[in-house]
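A closer look at the structure
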Amino acid sequence: MTPFTTDQWIILILVFLLGLLIGMFMMAGGKWKRRYREEVRAREELERENERLRRDGREMDSLRGAAARDESRRDRDDRGPL
């Protein structure tokens, strides 16, 4: 294999630098930052909604348990002494 000439090395370095510049311009745009922030905002909103639903579910379980205890207490009191 023949070694690169000086002209080929210069072209290779220039292409590499051009690629770096294009990459920086593409990544520095507001589009990516905006999309990231929107995704973070949506995730946080979903986490708040999940926590609210868990809290409501625990409250419903508690109320359901209290209603079941109350109903069993009424059943015992309705029978009366025999």
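Remember, predicted model here, so these are calculated numbers, not experimental data.

A tally of helices and strands in the chain yields two helices and zero strands. In terms of C-alpha radius of gyration, the chain reaches 34 Å, well past the compact-globule figure of 12 Å for 82 residues. Counting only C-alpha atoms and orienting by the principal axes, one finds that the chain spans roughly 110 × 35 × 5 Å. When each of the 82 residues of the chain is scored for burial, the buried share is 0%. Surface accessibility of the chain: about 8200 Å² in total, with carbon and sulfur atoms responsible for 61%. Charged side chains in the chain number 18 positive and 16 negative. The centres of these two groups are separated by 4 Å.

As a further point, take the pattern of salt bridges. By the definition in use, this model includes eight salt bridges. Between Arg43 and Glu47 there is a salt bridge; the shortest N-O distance is 3.2 Å. A residue pair is termed a helical-turn pair when its members lie 3 or 4 positions apart in one helix, as Arg43 and Glu47 do in helix H2 (residues 30-79) at four residues. We classify Arg43 as partly exposed; its relative accessible area is 41%.

This next bit is on the packing of aromatic side chains. In total, this model carries one aromatic pair according to the counting rule given. Relative to Trp9, the ring of Phe4 lies with its centre 5.1 Å away and its plane at 85 degrees, an arrangement referred to as edge-to-face. With relative accessibility at 44%, the residue Trp9 sits in the partly exposed group.

Let us look at the environment of Asp70. You can see Asp70 is positioned in helix H2. Along the sequence, Asp70 and Trp9 sit 61 residues apart, while their C-alpha atoms lie 86 Å from each other. A polar atom in the side chain of Asp70 sits 2.5 Å from the side chain of Arg74.

Attention shifts here to the environment of Ala42. You can see Ala42 is positioned in helix H2. Sequence separation of Ala42 and Pro3 is 39 residues, and the distance between their C-alpha atoms is 54 Å.

Taken together, the side chains of Ile10, Ile13, Leu14, Phe16, Leu17, Leu20, Leu21, Met24 and Phe25 present a nonpolar region at the surface, about 950 Å² in accessible area. For Ile10, the position within the fold is in helix H1 (residues 6-27). Taking relative accessible area as the criterion, Ile10 reaches 45% and is therefore assigned partly exposed.

What counts, and at which threshold
- Residues numbered from 1 in each chain as written.
- Predicted model: local features only at pLDDT ≥ 70, side-chain atom pairs only at ≥ 80, totals over all residues.
- Heavy atoms only, no water.
- Helix = DSSP H or I, 4+ residues; strand = E, 2+ residues; numbered from the N terminus.
- Rg over C-alpha atoms; globule rule 2.2 N^0.38 Å.
- Buried < 20%, exposed > 50% of the residue type's maximum accessible area, 1.4 Å probe, protein only.
- Areas by Shrake-Rupley, 256 points an atom, 1.4 Å probe, with all protein chains shown as cover.
- Lys, Arg positive; Asp, Glu negative; His and termini not counted.
- Charge placed at Lys NZ, Arg CZ, Asp CG, Glu CD.
- Salt bridge = Lys/Arg side-chain N within 4 Å of Asp/Glu carboxyl O.
- Phe/Tyr/Trp six-rings, centres within 6.5 Å; stacked < 30°, edge-to-face > 60°.
- Polar contact = N/O pair within 3.5 Å; in protein donor to acceptor, adjacent residues only side chain to side chain.
- Patch = residues over 30% accessible without salt bridge, like charges linked within 9 Å, V, L, I, M, F, W, Y side chains within 5 Å.

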